[in-house]
Amino acid sequence: MSSRSEITVALSLAIEKYINPHSDMRIYWAREVTFDNGTTAKCRVDFMRFKPINNTVSGIEKGDFYCYEVKSSVEDFHSKNGHNFLGDYNYYVMPEEVFEKVKNEVPYNVGVFVPDGKHYRGGWYNLKSVKKAKRKDREKPLSEMLLMMFRSAARENQRRK
């Protein structure tokens, strides 16, 4: 990994494989999930996952959202964009050398994943947690979070066709 765009692509693939390593359709996730479109509060979460307790109504209602923001460099971390932590658990995904430079600036409840060597198949990096996320009460309702994830996942499916 050398250029910022190559690092972003590599980290994005790593988090996709971390979220859903076997392309399991029972794992609910989406990339580039946009909220509050058309307002001044518009924001986009790089990757989002929903993990229900089980498939009952109450199990779905009690499920957790995990949000992941990819940061390829210290400059990217310091930019005003991409610090959209709307989930119950929120994480940065960044190179370890970036984490070492910004670790004192990472919010208390936000976790951090860094690459941990190439996967044994060689196509992507494994990730390791260097800071565990703490639960945060989300401000958006379950229905809005799921709808925005569904919309983003549908958009990605259209792009692939």
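Everything in this summary refers to the structure shown in the same document. (Residues numbered from 1 in each chain as written. Predicted model: local features only at pLDDT ≥ 70, side-chain atom pairs only at ≥ 80, totals over all residues. Heavy atoms only, no water.)

From N to C terminus, the protein includes five helices and six strands. Tracing the protein from N to C terminus, the helices and strands come up as α-β-β-α-β-α-β-α-β-β-α. For the protein, whose C-alpha radius of gyration is 16 Å, the value lies close to the compact-globule estimate of 15 Å for 161 residues. In terms of overall dimensions, the protein has a C-alpha envelope of 45 × 35 × 30 Å along the principal axes. For the protein, buried positions account for 44% of its 161 residues. Once local pairs closer than 6 in sequence are excluded, the contacts in the protein between residues at least 24 apart make up 46%. Total accessible area on the protein is roughly 9,400 Å²; 51% of this is exposed by carbon and sulfur atoms. (Helix = DSSP H or I, 4+ residues; strand = E, 2+ residues; numbered from the N terminus. Rg over C-alpha atoms; globule rule 2.2 N^0.38 Å. Buried < 20%, exposed > 50% of the residue type's maximum accessible area, 1.4 Å probe, protein only. Contact = heavy atoms within 4.5 Å. Areas by Shrake-Rupley, 256 points an atom, 1.4 Å probe, with all protein chains shown as cover.)

Another point: the layout of surface pockets. Size it by volume and the largest pocket reaches roughly 630 Å³. Taken together, 21 residues line the largest pocket, and the ones lying closest to its centre are I27, Y28, W29, A153 and N157. Breaking the lining of the largest pocket down by element, the ones donating at least two residues are α1 (4-19), β1 (28-35) and α5 (142-160). With nine residues, α5 is the largest single contributor of residues to the lining of the largest pocket. Around the second largest pocket, the lining is made up of 20 residues, and of these R44, D46, E69, V70 and G82 lie nearest the centre. Secondary-structure elements contributing two or more residues to the lining of the second largest pocket are α1, β1, β2 (43-51) and β3 (64-70). Residue composition of the lining of the second largest pocket, by class: four nonpolar, seven polar and nine charged. (1 Å grid on protein atoms, 1.4 Å probe; cavity = no way out; pocket = protein on both sides within 12 Å on 5 of 7 lines; lining within 4 Å. Points joined across faces, edges and corners; volume = space filled by probe spheres on them. Nonpolar A, V, L, I, M, F, W, Y, C, P; charged D, E, K, R; others polar.)

The next subject is the nonpolar core. I15, F47, Y68, Y91, V93, F113 and L127 are the most contacted members of the largest nonpolar core, which has 17 residues in total. Of all the secondary-structure elements, those providing two or more residues to this core are α1, β3, β4 (89-93) and β6 (125-131). At six residues, the largest contribution of residues to this core is made by α1. Ignoring any residue separated from it by four or fewer positions in sequence, one finds V93 in contact with L11, I15, Y68, E69, V70, K71, F113 and L127. (Core = buried A, V, L, I, M, F, W, Y, C linked by side-chain atoms within 4.5 Å.)

Pairing analysis gives four bridges linking β4 to strand β5 (residues 110-118), with the strands arranged parallel. Within the sheet, the bridge partner assigned to Y91 lies in β5 and is G111. Regarding the hand of the β-α-β motif, the stretch spanning β4, helix α4 (residues 96-102) and β5 is right-handed. (Pairing = 2+ DSSP bridges. Right-handed = clockwise from strand over helix to strand, strands pointing away.)

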